[in-house]
Amino acid sequence: MNPADRDNSDGEGPARSPRRQLYGRSKGKALRAAQAARIEGQLPALTIPLDRLAEGPGPLFSRPMTEFRLEIGFGGGEHLAAQGRQNPGIGYLGVEPFLNGVAKLLAAIEADSLDNIRLLRGDGRDVLASLPEACLTRIDLLYPDPWPKRRQRKRRIVDPAFLDAVVRALAPGGEFRFATDIDDYAGWTLARVLPRTDLVWLAETAADWSEPWTSWHRTRYEEKAIREGRVPGYFRFRKA
Ligand SMILES: C[S@@+](CC[C@H](N)C(=O)[O-])C[C@H]1O[C@@H](n2cnc3c(N)ncnc32)[C@H](O)[C@@H]1O
């Protein structure tokens, strides 16, 4: 059984991966017939094959791409699909364990005939570990699960091993972009990035982290955070 197929009935339990725990929901409401048909019909052809990633992302696409970017935890895929539409020459990889989110992104890919997005229903850390060094120009981690309670913080995806994997996969000058609406997660991430010499925070003024970057497309989670009165922060780090 694929670990990503495990359903967590309370929506919070861990889905186990052979290497590490993947916390959070992997399934939500039952898929509608059209969504299920896309999962069956389109997902196999668009799925990122972990066992062939060592060759790099290029062979995954049917035409040459100028560069490659990865979005980890794309949710419903709003940001990833918008990026794919805006930059048809860039190849995008997206990873998300939540089946319903994958189904949504497949609908957007079909609606706009996007041929520059490949995806995996799984764990972003597996994609990072399988890619060759220095093959990505950008890695986006947008609103990762906040795990706000003190005892849950160890579940956060940002940790030294994750940052090592991000740096390894980024090309020199490539960017790691991180957004969160949880002050404590912003502080948590800065505390782990700022001591490093291989990632440089690009903020010079407060506007650089309090306003979204150019070409930002609001995500579903961000809409909810703003509705509920939380204030997002946007962080860009460049690989030295
Ligand atoms: C709070 S949601 C944000 C989703 C989306 N980025 C947005 O802003 O709307 C966090 C997402 O990260 C996904 N996620 C959690 N752990 C992950 C992992 N190890 N790899 C990839 N995605 C993960 C969750 O399934 C969830 O969809």
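Let me begin by describing the structure that accompanies this report.

Analysis parameters
Residues numbered from 1 in each chain as written. Predicted model: local features only at pLDDT ≥ 70, side-chain atom pairs only at ≥ 80, totals over all residues. Heavy atoms only, no water. Core = buried A, V, L, I, M, F, W, Y, C linked by side-chain atoms within 4.5 Å. Buried < 20%, exposed > 50% of the residue type's maximum accessible area, 1.4 Å probe, protein only. Helix = DSSP H or I, 4+ residues; strand = E, 2+ residues; numbered from the N terminus. Contact = heavy atoms within 4.5 Å. Near = heavy atom within 4 Å. Polar contact = N/O pair within 3.5 Å; in protein donor to acceptor, adjacent residues only side chain to side chain. Nonpolar A, V, L, I, M, F, W, Y, C, P; charged D, E, K, R; others polar. Salt bridge = Lys/Arg side-chain N within 4 Å of Asp/Glu carboxyl O. Patch = residues over 30% accessible without salt bridge, like charges linked within 9 Å, V, L, I, M, F, W, Y side chains within 5 Å. Areas by Shrake-Rupley, 256 points an atom, 1.4 Å probe, with all protein chains shown as cover. Lys, Arg positive; Asp, Glu negative; His and termini not counted. Charge placed at Lys NZ, Arg CZ, Asp CG, Glu CD. Pairing = 2+ DSSP bridges. Right-handed = clockwise from strand over helix to strand, strands pointing away.

Time to look at the nonpolar core. The biggest cluster of nonpolar side chains holds 38 residues, and the ones touching the most others in it are Leu 70, Leu 128, Leu 136, Ile 139, Val 158, Phe 162 and Phe 176. If you list the elements that add at least two residues to this core, you get β3 (67–72), β4 (90–95), α5 (124–130), β6 (136–142), α6 (160–169), β7 (170–180), α7 (183–193) and β9 (233–239). Of the residues forming this core, the biggest block, six residues, is contributed by α6. Not counting chain neighbours up to four residues away, the residues in contact with Phe 162 comprise Ile 72, Arg 125, Leu 128, Leu 141, Ile 157 and Phe 176. Among the nonpolar cores identified, the runner-up in size contains 18 residues, and Leu 80, Ile 90, Ile 109 and Ile 117 belong to it.

The next point concerns the site of the ligand. Taken together, 19 residues form the shell around the ligand, and within it Gly 73, Glu 96, Gly 124, Leu 142 and Thr 219 come nearest. Side-chain polar atom of Thr 219 to an oxygen atom of the ligand: 2.7 Å apart, as the coordinates give it. Breaking the shell around the ligand down by element, the ones donating at least two residues are α5 and α9 (220–227). In the shell around the ligand, the residues fall into nine nonpolar, five polar and five charged.

Once that is clear, we can look at the pattern of salt bridges. Following the criterion strictly, the structure yields 17 salt bridges and no others. One salt bridge connects Glu 175 with Arg 238, and the closest N-O pair in it is separated by 3.5 Å. Here Arg 238 lies in strand β9 and Glu 175 lies in strand β7, a separation of 63 residues in the sequence. By relative accessible area, Glu 175 is classed as buried at 8%. With its nearest N and O atoms 2.8 Å apart, the salt bridge here joins Asp 198 to Arg 196. In this structure, a network of salt bridges that share partners links the residues Glu 175, Arg 177, Arg 236 and Arg 238.

This part is about a positive patch on the surface. Taken together, Lys 29, Arg 32, Lys 104, Arg 220 and Arg 227 make up a surface patch of like positive charges. Along the polypeptide, Arg 32 turns up in the loop between β2 (21–23) and α1 (33–41). Residue classification places Arg 32 among the exposed positions, given a relative accessible area of 58%.

Most of β6 sits inside the fold, with six of its seven residues counted as buried. Pairing analysis gives four bridges linking β3 to β6, with the strands arranged parallel. Within β6, the position partnered with Glu 71 by the bridge is Asp 140. Bridge count for β6 against β7 is six bridges, and the pairing is parallel. Pairing of Asp 140 across the sheet is with Arg 177, part of β7. The parallel pair β6 and β7, bridged by α6, forms a crossover whose chirality is right-handed.

This paragraph deals with unusual backbone geometry. Backbone geometry at Tyr 143 places phi at a positive 55°, although glycine is not the residue there. Here Tyr 143 is to be found in the loop between β6 and α6. Despite not being glycine, Trp 147 shows a phi value in the positive range, around 40°. In this fold, Trp 147 is placed in the loop between β6 and α6. Of the residues examined, Trp 147 reaches a relative accessible area of 10% and is grouped as buried.

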